[in-house]
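Descriptive structure summary
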Amino acid sequence: GIQVEQSPPDLILQEGANSTLRCNFSDSVNNLQWFHQNPWGQLINLFYIPSGTKQNGRLSATTVATERYSLLYISSSQTTDSGVYFCAVGIRGGSNYKLTFGKGTLLTVNP
Amino acid sequence: EAGVTQFPSHSVIEKGQTVTLRCDPISGHDNLYWYRRVMGKEIKFLLHFVKESKQDESGMPNNRFLAERTGGTYSTLKVQPAELEDSGVYFCASSQILNGGYTFGSGTRLTVV
């Protein structure tokens, strides 16, 4: 099956710093999403980005599908950004569709 | 629009007992998915409903797990009997189109003691 690798596995920042999270995947995909799991366990959809670049406030994401990677940029980080960031790729097979998740990046933003 | 709703948010049961998790998808979303994250590992696919039909249940770990989606609306996931290794967070998600963006619920944290 498809492999999804996220880096770094852990990241500690001071409030106000910028960061880049990376997601590599091993095969062509139909979809790619970035999620944030907050300290309460909720999975929040950040971006649906099979290709191109999107921005939402302090967050932006870029997916280069031909090179099989995606980047999530967090600027001016805040303590509320802490949590686990997951990249997930979607593969469609006929009428079947499922997401394969990476192991996540645990981000800790200190005040 | 209401999001994906899951309950209970947290359940603690003893080994051997039965637990039923419920998911209410976004209204009008035909596709409903169950995923889980156990032991701090990756979030893994369990199964996919299209309306009331099980489209893909290749991720279901064993026959102690039973999922249903009555009338193509809400879905339940029953674990019977529960084992210690079933502990984890169970997520439900729905989508309007097959390979569109998912919306996840808040998850049910299951603890088997």
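Please refer to the structure placed before this passage.
Scope of this entry: the structure provided in the associated data block. (Residues numbered from 1 in each chain as written. Chains lettered and ligands numbered in written order. Predicted model: local features only at pLDDT ≥ 70, side-chain atom pairs only at ≥ 80, totals over all residues. Heavy atoms only, no water.)

**Points about the pattern of salt bridges**
Residue and element names in this part refer to chain A. Our working rule: The rule for a salt bridge is simple: a side-chain nitrogen of Lys or Arg has to be within 4 Å of a carboxyl oxygen of Asp or Glu. Helix and strand definitions follow DSSP, with helices as H or I runs of at least four residues and strands as E runs of at least two, each counted in order from the N terminus. Only protein chains enter the calculation, and the probe is 1.4 Å; a residue is then buried if its accessible area is under 20% of its type maximum, exposed if over 50%, and partly exposed in between.
In the structure shown here, the tally under the stated rule is six salt bridges over all chains. Between Arg58 and Asp81 there is a salt bridge, and its shortest N-O distance comes to 2.8 Å. With Arg58 in the loop between strand E6 (52–56) and strand E7 (59–64) and Asp81 in the loop between strand E8 (69–74) and strand E9 (83–93), this residue pair connects regions lying 23 residues apart in the sequence. The class of Asp81 is buried, set by a relative accessible area of 6%.

**Let's talk about the state of the cysteines**
What counts, and what does not: Two cysteine sulfur atoms make up a disulfide if the distance between them is within 2.5 Å.
Applying the stated criterion across every chain yields a total of two disulfides over all chains. Note that A:Cys23 is cross-linked by a disulfide to A:Cys87, the S-S spacing being 2.0 Å. Disulfide A:Cys23 to A:Cys87: torsion about the S-S bond roughly -60 degrees, handedness left-handed. Residue A:Cys23 is located in strand E3 (residues 19–25), and its partner A:Cys87 is located in strand E9; the two are separated by 64 residues in the primary sequence. Considered together, A:Cys23 and A:Cys87 belong to a single accessibility category, that of buried residues. The disulfide partner of B:Cys23 is B:Cys92, and the gap between their sulfur atoms is 1.8 Å. Between B:Cys23 and B:Cys92 the sulfur-sulfur dihedral comes to about -60 degrees; the bridge is accordingly left-handed. In this pair, B:Cys23 sits in strand E3 (residues 19–24) while B:Cys92 sits in strand E9 (residues 88–95), placing the two residues 69 residues apart along the sequence.

**A few points about the pairing of E6(A)**
For a regular strand, the rule is simple: side chains alternate between the two faces of the sheet. Residues and elements named next belong to chain A. What counts here: Here, any two strands with at least 2 DSSP bridges between them count as paired.
Within E6, only zero of the five residues are buried, which leaves the element largely exposed. When E6 meets E7, the two strands line up antiparallel, connected through five bridges. Within E7, the residue paired with Thr53 across the bridge is Thr62. Two successive antiparallel strands, E6 and E7, enclose a turn made up of two residues, where Gly57 displays a positive phi of approximately 65 degrees.

**So, the interface of chain A and chain B**
For the record, the criterion: Note on contacts: a residue pair is in contact if any heavy atoms of the two residues lie within 4.5 Å. Buried area: the accessible surface (1.4 Å probe) lost by two parts on joining, summed over both. Pairs of N or O atoms within 3.5 Å make up the polar contacts considered here, provided that, within protein, one atom can donate a hydrogen while the other can accept it, and that residues adjacent in sequence are counted only when both atoms are side-chain atoms.
Contact residues are listed per partner, giving 21 residues for chain A and 19 residues for chain B. Buried surface at the junction of chain A and chain B, summed over both partners, amounts to about 1900 Å²; 55% is from carbon and sulfur atoms. Viewed at the interface, chain B and chain A are joined by one salt bridge. Linking chain A with chain B are seven residue pairs in polar contact (both at pLDDT 80 or more). Looking at the side of chain A that touches chain B, the elements with two or more residues in it are strand E4 (31–37), strand E5 (43–48), E9 and strand E10 (96–101) of chain A. For the side of chain A that touches chain B, the leading source of residues is E10(A), giving five residues.

**With respect to unusual backbone geometry**
Leaving glycine out, the prevailing phi sign among residues is negative, and the prevailing peptide bond configuration is trans. Cis geometry is adopted by the peptide bond preceding A:Pro8, which originates at A:Ser7 and carries an omega value of -10 degrees. Following the sequence through the fold, A:Pro8 ends up in the loop between strand E1 (4–7) and strand E2 (10–14). In this chain, B:Phe7 is followed by B:Pro8 through a cis amide linkage whose omega measures 5 degrees. The residue B:Pro8 is located in the loop between strand E1 (5–7) and strand E2 (10–13) in this model. Not every positive phi belongs to a glycine, and A:Ser76 is a case in point at roughly 45 degrees. If you trace the backbone, A:Ser76 turns up in the loop between E8 and E9. For B:Lys51, which is not glycine, the phi torsion reads 55 degrees and is therefore positive.

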